[in-house]
Amino acid sequence: MDRLSNTVRPYAWGSTTAIPELLGTAPTGEPQAEMWMGAHPGAPSRINRPTTPVDHPLSDLIAAAPEAELGAPTVKKFGPRLPFLLKILAAGAPLSLQVHPNLAQAKEGYAAEERQGVPIDAPHRNYKDSNHKPELICALTPFDGLCGFRAPAETADLLARLDVDSLKPYVDLLRAHPEEAALREVLTAVLTADPDEMSHTVHSSAEAAARLGGEYSPYVSIAHHYPGDPGVIAAMLLNHVQLQPGEALFLGAGVPHAYLNGLGVEIMANSDNVLRCGLTPKHVDVPELLRIVRFESADPAVLRPEASASGEELYETPIDEFRLSTYGLAPGAEPRDLTAGTPQILLCTAGTPRANEIDLTPGDSVFVPAGERTELTGTGRVFRATVIA
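Bear in mind the structure is a predicted one, so any value in this text is a computation, not a measurement. (Residues numbered from 1 in each chain as written. Predicted model: local features only at pLDDT ≥ 70, side-chain atom pairs only at ≥ 80, totals over all residues. Heavy atoms only, no water.)

Enquirer: Account for the overall build of the protein, with residues named and values stated.
Expert: Across its full length, the protein carries 12 helices and 22 strands. Relative to the 2.2 N^0.38 estimate, which gives 21 Å for 389 residues, the radius of gyration of the protein is 22 Å and therefore close to what a compact globule would have. With the principal axes as the frame, the protein shows a C-alpha extent of 65 × 50 × 40 Å. A total of 389 residues make up the protein; the buried ones form 54% of that total. Long-range contacts, defined here as pairs at least 24 residues apart, represent 74% of the contacts in the protein between residues at least 6 apart. Of the side chains in the protein, 30 bear a positive and 49 a negative charge, and the two mean positions are spaced by 3 Å. (Helix = DSSP H or I, 4+ residues; strand = E, 2+ residues; numbered from the N terminus. Rg over C-alpha atoms; globule rule 2.2 N^0.38 Å. Buried < 20%, exposed > 50% of the residue type's maximum accessible area, 1.4 Å probe, protein only. Contact = heavy atoms within 4.5 Å. Lys, Arg positive; Asp, Glu negative; His and termini not counted. Charge placed at Lys NZ, Arg CZ, Asp CG, Glu CD.)

Dropping the structure here:
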């Protein structure tokens, strides 16, 4: 078992205080958006073993002995790499509106861009790898986000109450067409509109939303951070979700989403494939986006963990690249045996638990190689990230 040293990413949308408060450190005044735990090449966690150099990247450790670190079943199923990336995510402003491809789309898109010779770091490149990127976000504080399309009739009513002339064609489309066609036509129209005309629509809509308040408040905040961006109107097509601590959302392929505000634990398949829909200065590839978006409405499925006799509280998801659960450790409780044949990352979010001989405080994490005896004691809360192999 190795204590991890992790990188905090300073993205502009990050909170300046949430991660420092969790870690018990002083804010720097700069945004601290994500703390990464895992072996992603962009910012791998680092370890200090007696047999390795100081601050040795976890990715190098796994590459040198994948079966020893990950276990043979994990390597056979996913290859010689850690299949997931675990994060603490702290949103102080809305993230980009985005969607992720399924596995077949990712493989196809990556192969096509490789054949075309698109540089992997090109701003207009859509597919950085050939993997899909399902995600799970679990709230540590009240957490606001957007997830999946709202029923078209409900969105039509929401837009109509703004009483903005340039929104009325969208209202008519949403009320007149079958669901899939309505959502597709409106999103296409929003993202391909004349930029000056759309900027005026966004400005007028934001003013109306500010007057009405209430359910329109999230869109006022979005428009404040992204004035004139067509993603502001696209965001109004989506469900607004408010998670309470301990609740989670699973975000599968083709589901448009954005995080707005709050602190959470996020886990995802180890991929960088993102198609953006707005709320960003980055490239928006409308034709490719429309190819992978699932144009169907659904109420967001808020997940709550299912408790077991072992004390594990599991967030059930339909994929195998990651498995996220949590343990609440009360004073005087029996030790919890977490020994497993798969690799694990354990993350403390509260209290002073102990993983084997390593004392943890909030924000501390450890990597556990497959098969290593693992026991939790002490008090607090620990998230457990592993795979299904």
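Enquirer: Quick one: what's the story with helix α9 (residues 195-212), residue by residue and with numbers?
Expert: For α9, which comprises 18 residues, the first-to-last C-alpha distance of 25 Å matches the rise-based estimate of 26 Å (1.5 Å per residue) to within 8%. Every buried residue belonging to α9 is among Met198, Thr201, Val202, Ser204, Ser205, Ala206, Ala208 and Ala209, and all of these are buried. Residues of α9 that are buried make contact with α7 (168-176), α8 (179-192), α10 (217-225) and α11 (231-235). Looking at the residues trailing α9, positive phi occurs at glycine 213, about 60°. (Expected span 1.5 Å × (residues − 1).)

Enquirer: Pulling in residues and values, what's your account of the UniProt feature "active site" (unreviewed entry) in the protein?
Expert: Taking the UniProt record as the reference, the feature "active site" (unreviewed entry) is found at Arg276. As for its placement among the helices and strands, arginine 276 is situated in strand β13 (residues 275-278). Setting aside residues up to four positions removed in sequence, arginine 276 forms contacts with Ser96, Leu97, Gln98, Lys282, His283, Val284 and Leu289. (UniProt positions renumbered as here; feature names shortened; annotations may be inferred.)

Enquirer: So what's going on with the nonpolar core? Which residues, and what values?
Expert: Residues Leu162 and Ile222 are the most contacted members of the largest nonpolar core, which totals 48 residues. The dominant element in this core, judged by the number of residues it contributes, is α8, at six residues. Three or more residues apiece are contributed to this core by two domains, here domain 1 (7-146 + 242-303) and domain 2 (151-235). Within the second largest apolar cluster, 36 residues are counted, among which are Ala18, Met37, Phe78 and Leu136. (Core = buried A, V, L, I, M, F, W, Y, C linked by side-chain atoms within 4.5 Å. Domains from an automatic or database assignment.)

Enquirer: How would you summarise the domain arrangement of the protein if you had to cite specific residues and measurements?
Expert: For the protein, the domain assignment lists domain 1 (7-146 + 242-303), domain 2 (151-235) and domain 3 (315-386). The interface is formed by 34 residues belonging to domain 1 together with 24 residues belonging to domain 3. Between domain 1 and domain 3 lies a buried interface of about 2400 Å² when both sides are counted; carbon and sulfur atoms form 78% of it. Across the contact surface, domain 1 and domain 3 share one salt bridge. Where domain 1 meets domain 3, there are four residue pairs in polar contact (both at pLDDT 80 or more). At the level of elements, α1 (18-23), β3 (34-38), α3 (66-70), α4 (72-78), β6 (84-91), β8 (135-139), β11 (248-251) and β12 (257-269) are the ones that each hand at least two residues to the side of domain 1 that touches domain 3. Broken down by element, the side of domain 1 that touches domain 3 gets its largest block of residues, four residues, from β12. In terms of residue class, the side of domain 1 that touches domain 3 is built from 24 nonpolar, six polar and four charged. (Buried area = accessible area lost by both parts, 1.4 Å probe. Salt bridge = Lys/Arg side-chain N within 4 Å of Asp/Glu carboxyl O. Polar contact = N/O pair within 3.5 Å; in protein donor to acceptor, adjacent residues only side chain to side chain. Nonpolar A, V, L, I, M, F, W, Y, C, P; charged D, E, K, R; others polar.)

Enquirer: Explain the environment of leucine 238 to me, and be specific about the residues and the numbers.
Expert: Tracing the backbone shows leucine 238 in strand β10 (residues 238-243). Using a relative accessible area of 1% as the deciding quantity, one classes leucine 238 as buried. Those residues within four positions of leucine 238 in sequence are excluded, and the remaining contacts are Leu97, Leu146, Cys147, Gly148, Phe149, Arg150, Tyr219, Pro256 and His257.

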